[in-house]
Number of protein chains: 2
Amino acid sequence: MYTMQKKAQATTSDRVPAPEVNFQTCPFLASTGVLGKKWTLLILWVIALLRIKRFNQIRRSIPGLTSRVLVMRLHELEKSGHIEALIVKESPRVVEWTLTEKGTDTIPILMSIMNFTIKWYPDEVFGDNKSHTMNELFPETEYPR
Amino acid sequence: MYTMQKKAQATTSDRVPAPEVNFQTCPFLASTGVLGKKWTLLILWVIALLRIKRFNQIRRSIPGLTSRVLVMRLHELEKSGHIEALIVKESPRVVEWTLTEKGTDTIPILMSIMNFTIKWYPDEVFGDNKSHTMNELFPETEYPR
DNA sequence: CCGCATCCAAAATGATACTG
DNA sequence: CAGTATCATTTTGGATGCGG
């Protein structure tokens, strides 16, 4: 429960949370880093939660994502240290993409997003229209922190 | 702690988490909704955590954000039900933007992002280079869930 | 000053085909 | 299989203006 919500007699002079945080320069929030770009979180979800490691498998698991954008995002994520490429074999080339420690630390973000989505967009993410909770879906996972 | 990380003898036939979730259609992850677009989370941060409600104050608090994009995002966020406009006065028009319940539910997402950022990008978000934790920064807030 | 519209340039992304 | 190359389309940036 957030205590910062407006109470009956609350005024606008309530404490401003964490003014010492330069939120404007957060690479994700400001979309200056790869995490703020289109398709990135979906790609991370696939690698992190579905454990899909291969280029074309990732692409096929995300309808609408093209090779062009996928290869851009993978290389950006590699450069930013979220994922690593393991060259399994050359000619025909086989590459496996896996999370680094930094990439693993994005999982709570993905979880908090999905937690929001299953509450506000259940029709979009469930075929059966039943209500679901994160604990039901990810029973062995503590999230998001 | 996530139990889905690879253990020594783990194989790729480990359980795939939550196959019943159509993650591809999550509006945020897929960037089909406003939350996935550039500047949106920064705008929500300002309204939610800094409690800034006015158009030009929001704009000035986010360097680089133009009127054009701000007005687009505010109206998109209004349409999607994350924020509400309160017309305080006409001529000159004064509008106050505040979070709805749905918008309030995005705060855990913002928190998990900042939690990630203060770990991996401390130089970008702190001026003093000291180490910080979320509990230190948001003492009265339980987060992210 | 306020919120917001218009115009045009630049950047990001989509579609399709192709290569080692 | 894992990417490239090319071109069309969409989204965003920047300047400017405008009625209240």
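Not measured: the values here are computed from a predicted model.

## Thoughts on the packing of aromatic side chains
- Applying the stated criterion across every chain, the model contains 4 aromatic pairs over all chains.
- Arranged with centres 6.0 Å apart and planes meeting at 15°, the rings of W45 of chain A and F23 of chain B form a pair that is stacked. Pair noted here: W45 of chain A is in helix α1 (residues 40-48) and F23 of chain B is in the segment before α1 (40-48), and the two residues belong to different chains. Assigned by exposure class, W45 of chain A and F23 of chain B land together as buried.

## What about the side chain of T40 of chain A?
Residue and element names in this part refer to chain A.
- With respect to the helices and strands, the residue T40 is situated in helix α1.
- Relative accessible area serves as the criterion here: at 0%, T40 is assigned to the buried category.
- Within the structure, the side chain of T40 is placed 2.7 Å from the backbone oxygen of V34, a separation counted as a polar contact.
- Leaving out residues up to four positions away in the same chain, T40 has contacts with V34, L35, R73 and L77.

## A look at the state of the cysteines
- Under the counting rule described, the total for this entry stands at 0 disulfides over all chains.
- Residue C26 of chain A stays outside any disulfide, its sulfur separated by 18 Å from that of C26 of chain B, the closest cysteine.
- With a relative accessible area of 0%, C26 of chain A lands in the buried category.

## Focus on the domain arrangement of chain A
Residue and element names in this part refer to chain A.
- When its domains are assigned, chain A resolves into domain 1 (21-100) and domain 2 (106-145).
- Each of domain 1 and domain 2 has a C-alpha centre, and the two are 21 Å apart.
- Counting residues at the interface gives 9 residues for domain 1 and 8 residues for domain 2.
- Between domain 1 and domain 2 the total buried area reaches about 680 Å² when both faces are included, carbon and sulfur atoms providing 94% of it.
- Of all residues in domain 1, L41, W45 and L49 bury the most surface against domain 2, accounting for 59% of the area lost on that side.
- Seen at the junction of domain 1 and domain 2, the total is 0 salt bridges.
- Along the contact surface separating domain 1 from domain 2 lie 0 residue pairs in polar contact (both at pLDDT 80 or more).
- Looking at which element gives the most residues to the side of domain 1 that touches domain 2, the answer is α1, with 4 residues.
- A per-class count over the side of domain 1 that touches domain 2 returns 8 nonpolar, 1 polar and no charged.

How each quantity is defined
Residues numbered from 1 in each chain as written. Chains lettered and ligands numbered in written order. Predicted model: local features only at pLDDT ≥ 70, side-chain atom pairs only at ≥ 80, totals over all residues. Heavy atoms only, no water. Phe/Tyr/Trp six-rings, centres within 6.5 Å; stacked < 30°, edge-to-face > 60°. Helix = DSSP H or I, 4+ residues; strand = E, 2+ residues; numbered from the N terminus. Buried < 20%, exposed > 50% of the residue type's maximum accessible area, 1.4 Å probe, protein only. Polar contact = N/O pair within 3.5 Å; in protein donor to acceptor, adjacent residues only side chain to side chain. Contact = heavy atoms within 4.5 Å. Disulfide = S-S within 2.5 Å. Domains from an automatic or database assignment. Buried area = accessible area lost by both parts, 1.4 Å probe. Salt bridge = Lys/Arg side-chain N within 4 Å of Asp/Glu carboxyl O. Nonpolar A, V, L, I, M, F, W, Y, C, P; charged D, E, K, R; others polar.

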